[in-house]
Every structure is written in C-alpha cells, then in structure tokens.
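If you want the building blocks of each chain, they are given just below.
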Amino acid sequence: MEEVKRLDAELVRRLREFIGVTNGNLDTCNMATLSFLYIYLSLFGSSELPSLTVSVWSELPTAAGLGSSAAYSVCLAAALLCASGAIPAPLKEGDHTARWCQQDLERINSWAFQGEMIIHGNPSGVDNAVGTWGGMLRFLAGKIIPLSRVPLLRILLTNTKVPRSTKVLVARVKDKINKFPTVMTPVLDSVDALSCTCEKVLSEMTCEPITGEHYNILEELIDINQHHLNVMGVGHPSLDTLCRVTLAKGLHSKLTGAGGGGCGITLLRPETDSSVVQTTVQDLKDCGFDCWETSIGGLGVQQHSPLSVKEEVLDILNSY
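Residues numbered from 1 in each chain as written. Predicted model: local features only at pLDDT ≥ 70, side-chain atom pairs only at ≥ 80, totals over all residues. Heavy atoms only, no water.

1. Examining the packing of aromatic side chains
Here is step 1 of the chain: Enumeration over the complete set of coordinates arrives at 2 aromatic pairs.
Here is step 2 of the chain: Ring centres of Phe36 and Tyr40 lie 5.6 Å apart, and the angle between their planes is 20°; this geometry places the pair in the stacked category. In this pair, Phe36 and Tyr40 are both assigned in helix α2 (residues 28-44), 4 residues apart and thus about one turn of the helix distant.
Here is step 3 of the chain: Between Tyr40 and Phe44, the ring centres sit 5.3 Å apart and the planes meet at 45°, which makes this aromatic pair tilted. In this pair, Tyr40 and Phe44 both sit in helix α2, 4 residues apart, roughly one turn of the helix.
Here is step 4 of the chain: Ring pairing ties together the aromatic residues Phe36, Tyr40 and Phe44, which thus form one cluster. (Phe/Tyr/Trp six-rings, centres within 6.5 Å; stacked < 30°, edge-to-face > 60°. Helix = DSSP H or I, 4+ residues; strand = E, 2+ residues; numbered from the N terminus.)

This is the structure in structure tokens:
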C-alpha cells in the first residue's frame, strides 16, 4: 500500500463539517478527534468500517512544547495500522514490550505525520520522527537522520504552564525572516552551527571519557541558543525566569519546543548534588511551574502488554 504524502483536503473539509467545526480555530479535543477520524477513514475507508474503542491517556501536558500531539499521532497511527492489518503486532506471547521493524516504523511515522499536519498545518516532521524512533535525531534540509549513539543526559524538565500555539509561533518566525532577511539569515546560520557543534560534542561523549569540558561546552551552547531563540521572537518572560532561577544555582537552561512559554530544559552535570537539584526544583515550583528530573534519549513507540503498564494507568484506561 503506497503511503499518502499529502492530506486529502476534501476529506478534511468534510470531517470538519461532521464534527461541527468549519473555522480554522480548533481546540485540542477537536484537533485530536479530527486527526483520529482522518487516519481511521483513510485506513479503513475502502471496506466496512469496524467498531473500535480507542482509549487515550497521557502524562504529557498539551501545548507545552513537549510534542504531545506527535506522541498522540504516533500511538494512534501504530494502533490503527495494526487494527487494519497494514502492519503486524510485534508483541509475542511472554513479551512485556516490543518494537516494530524499520519498514513498519516508517509507515507509522508517515501516518503520524498526517495527523501532525492536521493539528499543526505545516510541521517539520521532527516530533513524530522522535516519537517513532526515539533517541536523538539530526534534522537538516528536510531530512531526518537518527544519531546512532548518544550519551545519557540528565535534565530538569520545567513546564511554565504558559499555553502557546506552535502554528502561531512558527508563523511569527517566518514573518520576521521575511521582514528582516539580512538580519535573520545569519541568526539561523548560527543556530545551525550551534546544532552541528552540539552533535560533535555528543558524539565525542560516546567514544571517549566524558570530561567537565564537554559539559562546559554544552552549557555555553545552551546559553547562546537561548539568546538566539529570543532574537527569533519565541522567548517569553516565564522562560527568562526559568533561566534566571537555574543560573543562580549554576545551572543552564533553554526553551524546548516552539517556545512562547511552554517548557524548558536544564542540563544537570553527573556530579550535580541532589540537594542542588531539590532546591532548584522547589524554587521553580515557587514560581508556579511544574518541574521533573528526567533524561534525554528514550525509546520510541512500542507495543506494551498489560503487565508492563502501571496499575494506575490500567485503571484509568479500563474506566473508559
């Protein structure tokens, strides 16, 4: 079956009419519903439509720059592709979790991108690719390449709870580039150089002993990148607060996602004392933010057996 690369505009229009929303401003629930219906009808539309129960539960806050829509689209695509028989279910008897083969992951990613286009309009494809393959990816000239080896990095993840729209922020950056091309083009070139330098450092950290100098460079790159993002117009006072509070503890932070609020990340060195982490988390909570310690570079989409799912999550899913 050949994967569709462009949205069926007529189907999208008819589905908008069906759910009673014909203007361009859809809330989160309506966008999720529209994305589900589009993928469902695209996969099952040529035959009798099956009756399905789809339960969705997530710990990710929406509109916070954490790729929650991509996580939803990837899981939705994987589930509906399996239900339609387009790809096999990888989970074998006795397994707790299982991953699909490369070819099936590419199909999942392709359909997840369809969902992302419905939700965001003109997404890069990075978020759904990360959700599909996990780890870290290089995005260059429209091509997405998974990095083969990456170090495990400890971070603080902070949600400023300031809602924002990726679509609006992307449009804002595009307008600024069009208005000041000679000013903004060097900024974008510098961001590209930052990314290449960061990738080089991360690669070095996987093939030689990790030193304090590696972290020194990463911290400098984080600071420079955050200044660039402010220049591009995607900063926010809440993110400035995050950077200020963490820097007071000797830690370095930047926004993640589209910016304009949402979330930020703070790099933690291996030797960062737990008391420093705890007081930093408390300081950020005192600002009204949510904050968690986690790490970068998890696995992508998987099929889980009930045995691998936390009991409280199963209770929630079974309540639908």
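2. Comments concerning the domain arrangement of the protein
Here is step 1 of the chain: By domain assignment, the protein separates into domain 1 (9-147 + 300-318) and domain 2 (153-296).
Here is step 2 of the chain: Contacts between the two partners involve 12 residues from domain 1 and, on the opposite side, 16 residues from domain 2.
Here is step 3 of the chain: Summed over both sides, the interface between domain 1 and domain 2 buries roughly 1,100 Å², with carbon and sulfur atoms accounting for 60% of that surface.
Here is step 4 of the chain: Of all residues in domain 1, Ala63, His120 and Met136 give up the largest surface area on contact with domain 2, accounting jointly for 38% of the area buried on that side.
Here is step 5 of the chain: Run the count over domain 1 and domain 2 and you get 1 salt bridge.
Here is step 6 of the chain: Of the charged contacts in the structure, one is a salt bridge between Glu199 and Arg138, with a shortest N-O distance of 2.5 Å. (Domains from an automatic or database assignment. Contact = heavy atoms within 4.5 Å. Buried area = accessible area lost by both parts, 1.4 Å probe. Salt bridge = Lys/Arg side-chain N within 4 Å of Asp/Glu carboxyl O.)

3. Quick word on the packing of helix α3 (residues 68-84) against helix α4 (residues 102-120)
Here is step 1 of the chain: Where α3 meets α4, the closest approach of the two axes is 8 Å, and the angle between their N-to-C directions is 130°. Classified by the angle their axes make, α3 and α4 are oblique. In the crossing of α3 with α4, the sense of the turn from one axis to the other is right-handed. Residue-level inspection shows Ser69, Ala70, Ser73, Val74, Ala77, Ala78 and Leu81 of α3 in contact with α4, the latter providing Arg107, Ile108, Trp111, Ala112, Gly115, Glu116, Ile119 and His120.
Here is step 2 of the chain: A per-class count over the contact of α3 with α4 returns 9 nonpolar, 4 polar and 2 charged. (Axes fitted to C-alpha atoms, helices over the stretch in contact; angles between N-to-C directions. Parallel < 35°, antiparallel > 145°, perpendicular 65-115°, else oblique. Left-handed = near helix turned anticlockwise from the far one by under 90°. Nonpolar A, V, L, I, M, F, W, Y, C, P; charged D, E, K, R; others polar.)

4. As for the state of the cysteines
Here is step 1 of the chain: In total, this model carries 0 disulfides according to the counting rule given.
Here is step 2 of the chain: With no disulfide partner, Cys207 has as its closest neighbouring cysteine sulfur the one in Cys198, 14 Å distant.
Here is step 3 of the chain: Judged by relative accessible area, which is 56%, Cys207 ranks as exposed.
Here is step 4 of the chain: Considering cysteine sulfurs only, Cys291 is the nearest to Cys263, which forms no disulfide, with 9.8 Å between them. (Disulfide = S-S within 2.5 Å. Buried < 20%, exposed > 50% of the residue type's maximum accessible area, 1.4 Å probe, protein only.)

5. A word on the confidence of the model for the protein
Here is step 1 of the chain: On average, residues of the protein carry a pLDDT of 90, and 98% of them reach 70 or more.
Here is step 2 of the chain: Predicted confidence in the protein is weakest over strand β3 (residues 143-146), with a mean pLDDT of 84, and strongest over helix α9 (residues 237-247), with 98. (pLDDT = per-residue confidence, 0-100.)

6. A few points about the side chain of Ser253
Here is step 1 of the chain: Here Ser253 lies in strand β5 (residues 252-256).
Here is step 2 of the chain: Within the structure, the side chain of Ser253 is placed 2.7 Å from the side chain of Thr246, a separation counted as a polar contact.
Here is step 3 of the chain: Only 2.6 Å separates the side chain of Ser253 from the side chain of Thr266, close enough to count as a polar contact.
Here is step 4 of the chain: The contacts of Ser253, once residues within four sequence positions are left out, are Ile222, Gln226, Leu242, Cys243, Thr246, Ile265 and Thr266. (Polar contact = N/O pair within 3.5 Å; in protein donor to acceptor, adjacent residues only side chain to side chain.)

7. Examining the nonpolar core
Here is step 1 of the chain: Ranked by internal contacts, the top residues of the largest apolar core, which has 30 residues, are Leu80 and Ile108.
Here is step 2 of the chain: At the level of secondary structure, the elements contributing two or more residues to this core comprise α1 (9-19), α2, α3 and α4.
Here is step 3 of the chain: Residue contributions to this core peak at 9 residues, all from α2.
Here is step 4 of the chain: Not counting residues within four places of it along the chain, the set of residues in contact with Leu80 comprises Phe36, Ile39, Tyr40, Leu43, Phe44 and Leu52.
Here is step 5 of the chain: Val173, Leu229, Leu251 and Val277 belong to the second largest nonpolar core, which has 21 residues in total. (Core = buried A, V, L, I, M, F, W, Y, C linked by side-chain atoms within 4.5 Å.)

8. Things to note about the pattern of salt bridges
Here is step 1 of the chain: Per the counting criterion, the structure on display carries 10 salt bridges.
Here is step 2 of the chain: Salt-bridge contacts for Glu10 lead to Arg13; the nearest nitrogen and oxygen are separated by 2.6 Å. Of this pair, Glu10 and Arg13 both sit in helix α1, 3 residues apart, which is roughly one turn of the helix.
Here is step 3 of the chain: On the accessibility criterion, Glu10 (39% relative accessible area) is partly exposed.
Here is step 4 of the chain: One salt-bridge network, held together by shared partners, links Glu10, Arg13 and Glu17.

9. Describing the UniProt feature "domain: GHMP kinase C-terminal" (unreviewed entry) in the protein
Here is step 1 of the chain: UniProt feature "domain: GHMP kinase C-terminal" (unreviewed entry): in the numbering of this structure it lies at residues 217-278.
Here is step 2 of the chain: Helix makes up 50% of residues 217-278 and strand 18%, whereas the separation of the span's terminal C-alpha atoms amounts to 24 Å. (UniProt positions renumbered as here; feature names shortened; annotations may be inferred.)

10. Concerning the environment of Val74
Here is step 1 of the chain: Considering the arrangement of structural elements, one finds Val74 in helix α3.
Here is step 2 of the chain: On the basis of relative accessibility, which here comes to 2%, the residue Val74 falls in the buried class.
Here is step 3 of the chain: Put simply, Val74 and Arg269 are 195 residues apart on the chain and 32 Å apart in space, counted from C-alpha to C-alpha.
Here is step 4 of the chain: Setting aside residues up to four positions removed in sequence, Val74 forms contacts with Ile108, Ala112, Asn128, Gly131, Thr132 and Val301.

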